[in-house]
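# Breakdown of the fold
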Amino acid sequence: MIDYNKFVENSRKWLYNYIRNNHLESLIIGISGGMDSTVSCALAYPVSNDLGIPLIGRSLPTTSNKMDEITTASKVGEAFCSDFKEVPITSSLDYIFTDLVLNEGYITPLQEGNIKARLRMIYLRHLASVHKGVVIDNDNFTEWNLGFWTVGGDSPMD
């Protein structure tokens, strides 16, 4: 049985020590409006406050994002981040997709999804570089610890 209070305490302690040991000046997080980024924001918020560094959040929606995802991402970002913006990345994606189709002939929905994720990480890592920080990558970590993952996708049981 997972002791969730201990999990939260250990996660925050680890993050606090990582930031101090690496002399970081900010935390960067992509906020989708889903469980992972929301939990990650809630975990990071008190650490950034204790250290007096900004928690910088970005919602990076595309045309495939549903309005409720975008709305939730905004609410999470405004609640937890000292610097939050919604920055649509549709025009960048359209350019990349057009280039790939013109030069390679096609692009599948799975490939589109992979490119979206990578473009978001490029954006967030750029922010980390500019603000001398680190990206809080929430892929799979909270899913694993909370026992939630995509069946047939990234489950260790697949």
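Attention here is on the structure that accompanies the text. Everything quoted here is computed from the prediction, not taken from an experiment.

The secondary structure content of the protein amounts to six helices and four strands. For the protein, the succession of helices and strands along the chain, N to C, is α-β-α-β-α-β-α-α-β-α. Every one of the 158 residues in the protein was classed for burial, and the buried ones make up 36%. When contacts within the protein are restricted to residue pairs at least 6 apart in sequence, those whose partners lie at least 24 apart make up 73%. In the form shown here, the protein has an accessible surface area of approximately 9800 Å², with 55% of it arising from carbon and sulfur atoms.

On to helix α3 (residues 67–80), then. Spanning 14 residues, α3 covers 20 Å between terminal C-alpha atoms, matching the ideal 20 Å at 1.5 Å per step. For α3, the secondary structure elements touched by its buried residues are α2 (35–51), β2 (55–59) and β3 (83–86).

So, on to the pairing of strand β1 (residues 26–30). Buried residues dominate β1, accounting for five of its five residues. Both faces of β1 are covered, namely the face carrying S26, I28 and G30 and the face carrying L27 and I29. Pairing of β1 with strand β4 (residues 133–135), which is carried by three bridges, proceeds in the parallel orientation. Of the residues in β4, the one forming a bridge with L27 is V134.

Moving on, we come to α2. An ideal rise of 1.5 Å per residue puts 24 Å on 17 residues; α2 measures up with 25 Å between its terminal C-alpha atoms. Maximum bend of α2: about 30 degrees, positioned at A44, with proline P46 one to four residues after it. Considered for burial, the residues of α2 that qualify are D36, S37, S40, C41, L43, A44, V47 and S48. The first or second residue beyond α2 is G52, which carries a positive phi of 70 degrees.

Here the phi dihedral of H23 falls at roughly 55 degrees; this positive angle occurs in a residue that is not glycine. Looking at the element boundaries, H23 is found in the loop between α1 (4–21) and β1. Here the phi dihedral of K132 falls at roughly 50 degrees; this positive angle occurs in a residue that is not glycine. Relative to the elements of secondary structure, K132 occurs in the loop between α5 (109–130) and β4. Residue classification places K132 among the exposed residues on the basis of a relative accessible area of 53%.

Conventions and cut-offs
In this convention, every chain numbers its residues from 1, walking through the sequence in written order. A pLDDT threshold of at least 70 governs which residues receive local features in this predicted model, and a stricter bar of 80 or more applies before side-chain atom pairs are shown or counted, although totals over entire chains, interfaces and linings include all residues. Heavy atoms throughout the structure, all of them, feed into the side-chain values; hydrogens and water do not. Numbering of helices and strands runs from the N terminus, with a helix taken as a DSSP run of H or I at least four residues long and a strand as a DSSP run of E at least two residues long. When a residue's accessible area, from a 1.4 Å probe over protein chains only, is under 20% of the maximum for its type it is buried; when over 50% it is exposed; and in between it is partly exposed. Residue contacts follow a heavy-atom distance rule, with two residues in contact if any of their heavy atoms lie within 4.5 Å. Here, Shrake-Rupley sampling with a 1.4 Å probe gives the accessible areas, and only protein chains in the shown set may cover a residue. Here the expected length of a helix is defined as 1.5 Å per residue gap, with one fewer gap than residues. Two strands are counted as paired when DSSP detects at least two bridges linking them. Two axes are fitted around each residue, one to the seven residues ending there and one to the seven starting there, and the angle between them is reported as the bend at that residue.

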